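Overview (structure and organization)
In case you want the letters, here they are:
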Amino acid sequence: MLKGQRVPIWISDRMKNVSGFKLKLEEGFTYPFKITGKIDLPDSNEYFILEDPNEVKHLLLTHYYKNFNFKLGQTIQCRIDKINCNGKIYLEPEHPHYKLDHAYDFPFQSIEDYMDNIGKLHQFAIFTDTFNNEIKIPAETIPVKIDSGVHVKFMVSRIKKGRVYLSSNGLKEEYNHFEEGKYYYFRIVQFRLYPDNRSYYILKYDHETDQEGYTYKLRSKYFEKYDFKIGQSIQCRMIQEDKETYLEPKHPYYTIGKEYTFDIIGDEFIIDYPQGEIDAYLLKNDYGKSIHVPKNGVKGKVKDGKLMCTISDIRKSRLHLDC
């Protein structure tokens, strides 16, 4: 059933195949949602029922937002945190004390040792937020030794499930010298483990003109099948997507603008917000997650269980197709 906070959009039967809605929710943008009720589901969790500007209902786990003091009937601002390949929408309410990309002082508490599943020792520096939640960052990114209780200024880089994530001073990301869409060489210099099972490749711009030593984070979970190694030189292009700027490695097989034949491995549906469910083909992808393609958007013919598509874009290893 429903697991964790990331619960997909909940569309009632009356919403399916209905036209006339004007507002399209977009990833990274914030919209007003009204808290219309609460519900207990078979996963033993309690959820807020939120109604968006199109009167479509969504679910939000109450557990993560106890300190936010939400009330029934209240209208809150929620960011569209993610819209996945199935069209499912995930929400993140605005934090009452912190805003993304703003800097704040956080008190240091202690250093914690952590042994990963291959026996490697890591150290995390622990800070706390205004609700006394622990915030962990790699200790190696703290430039100097500090004492307990000392406040350090950090940028809030992410807010998820009501928790704050910090951009440590030890990692400088500067994109001004890159041209969007053009490939540049980077060297993988480190594999860094963060709390909550988040891990990143640390890249260094592999060019003699880089005197500043800028480094960049690359979320490893998107590129598990790319077979990256420490010390490897890879090509990446800069992506600017809404408020986010990041690097996209060159795909090991697919090239943007070229045509490929994909095997159709099933028939499913995706959510075409706010209209409802639409039929889709499920395409095989040996280098990542399977791909959903709306049937009503397919221009070519399906032949022998295969579909010819052009790669229109690749973002976070996800293939965007024109079929």
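Observations concerning the environment of Asp147
- The topology assignment puts Asp147 in the loop between β8 (134-138) and β9 (151-160).
- On the accessibility criterion, Asp147 (54% relative accessible area) is exposed.
- For the pair Asp147 and Gln109, spaced 38 residues apart in sequence, the C-alpha to C-alpha distance is 7.9 Å.

Side note on the side chain of Arg219
- Tracing the chain through its elements places Arg219 in strand β13 (residues 215-219).
- Once you skip the residues sitting within four places of it in the chain, Arg219 turns out to touch Arg158, Arg198, Ser199 and Tyr200.

Side note on the sheet that holds strand β14 (residues 233-241)
- Taken together, the 5 strands give an open sheet; going across it, the order is β13-β12-β11-β14-β15, and neighbouring strands pair in antiparallel fashion. The open sheet has two free edges, formed respectively by β13 and β15 (244-249), since each of these has just one partner strand. For this sheet, the mean angle separating the axes of adjacent strands, direction not counted, is 50°.
- Judged from the 5 bridges that link them, strand β12 (residues 198-205) and β13 form a sheet pairing that is antiparallel. Paired with Tyr200 across the two strands is Arg219, which belongs to β13.

Digging into the state of the cysteines
- Scanning the entire structure with this criterion turns up 1 disulfide.
- Two residues share a disulfide in this structure: Cys309 and Cys323, whose sulfurs sit 1.9 Å from each other. Here Cys309 and Cys323 share a disulfide; its torsion about the S-S bond, 105°, makes the bridge right-handed. Here the residue Cys309 occupies a position in strand β19 (residues 306-315), and Cys323 occupies one in the segment after β20 (318-322), the gap between them amounting to 14 residues.
- Classification of Cys309 by relative accessible area gives buried; the value is 1%.

Considering the pairing of strand β16 (residues 259-272)
- Relative to β19, β16 runs antiparallel, the two sharing 5 bridges. Each bridged residue has a counterpart across the sheet, and for Thr261 the counterpart in β19 is Met308.
- Relative to strand β17 (residues 276-283), β16 is paired through 8 bridges, and the arrangement is antiparallel. Bridge pairing in β17 links Ile271 to Glu277.
- Between β16 and β17, which follow one another and run antiparallel, lie 3 residues.

A look at the sheet that holds strand β18 (residues 291-294)
- Taken together, 5 strands build an open sheet; the order of strands is β18-β17-β16-β19-β20 and the sheet is antiparallel. Strands at the two margins of the open sheet, each flanked by one partner only, are β18 and β20. Averaged over all pairs of adjacent strands, the angle between their axes in this sheet comes to 50°, without regard to strand direction.
- Judged from the 4 bridges that link them, β17 and β18 form a sheet pairing that is antiparallel.

Quick look at the packing of aromatic side chains
- If you walk through the whole model with that rule in mind, you get 34 aromatic pairs.
- Summarising the aromatic geometry, the rings of Phe127 and Phe154 are spaced 4.9 Å apart at their centres and angled 75° between planes, so their arrangement reads as edge-to-face. Of the two residues, Phe127 sits in strand β7 (residues 121-128) while Phe154 sits in strand β9, which places them 27 residues apart along the sequence.
- Looking at Phe154, the relative accessible area reads 2%, which means it is buried.
- Pairing Tyr226 with Phe228 gives two aromatic rings, centres 5.5 Å apart and planes at 75°, and the pair type is edge-to-face.

Comments concerning the nonpolar core
- Core analysis: the largest hydrophobic core is formed by 18 residues, its most contacted members being Phe178, Phe186, Leu203, Tyr216 and Phe228.
- Among the elements of the structure, β11 (183-194), β12, β13 and β14 are those that each provide at least two residues to this core.
- With sequence-adjacent residues up to four places away left out, Phe178 is seen in contact with Tyr184, Phe186, Tyr205, Tyr216 and Met238.

Thoughts on the confidence of the model for the protein
- Predicted confidence across the protein gives a mean pLDDT of 86, with 90% of residues reaching 70 or more.
- For residues 1-19, every residue scores under 50 in pLDDT, and the model assigns this stretch 62 contacts once sequence neighbours within four places are set aside.

Calculation criteria
Residues numbered from 1 in each chain as written. Predicted model: local features only at pLDDT ≥ 70, side-chain atom pairs only at ≥ 80, totals over all residues. Heavy atoms only, no water. Helix = DSSP H or I, 4+ residues; strand = E, 2+ residues; numbered from the N terminus. Buried < 20%, exposed > 50% of the residue type's maximum accessible area, 1.4 Å probe, protein only. Contact = heavy atoms within 4.5 Å. Pairing = 2+ DSSP bridges. Axes fitted to C-alpha atoms, helices over the stretch in contact; angles between N-to-C directions. Disulfide = S-S within 2.5 Å. Phe/Tyr/Trp six-rings, centres within 6.5 Å; stacked < 30°, edge-to-face > 60°. Core = buried A, V, L, I, M, F, W, Y, C linked by side-chain atoms within 4.5 Å. pLDDT = per-residue confidence, 0-100.

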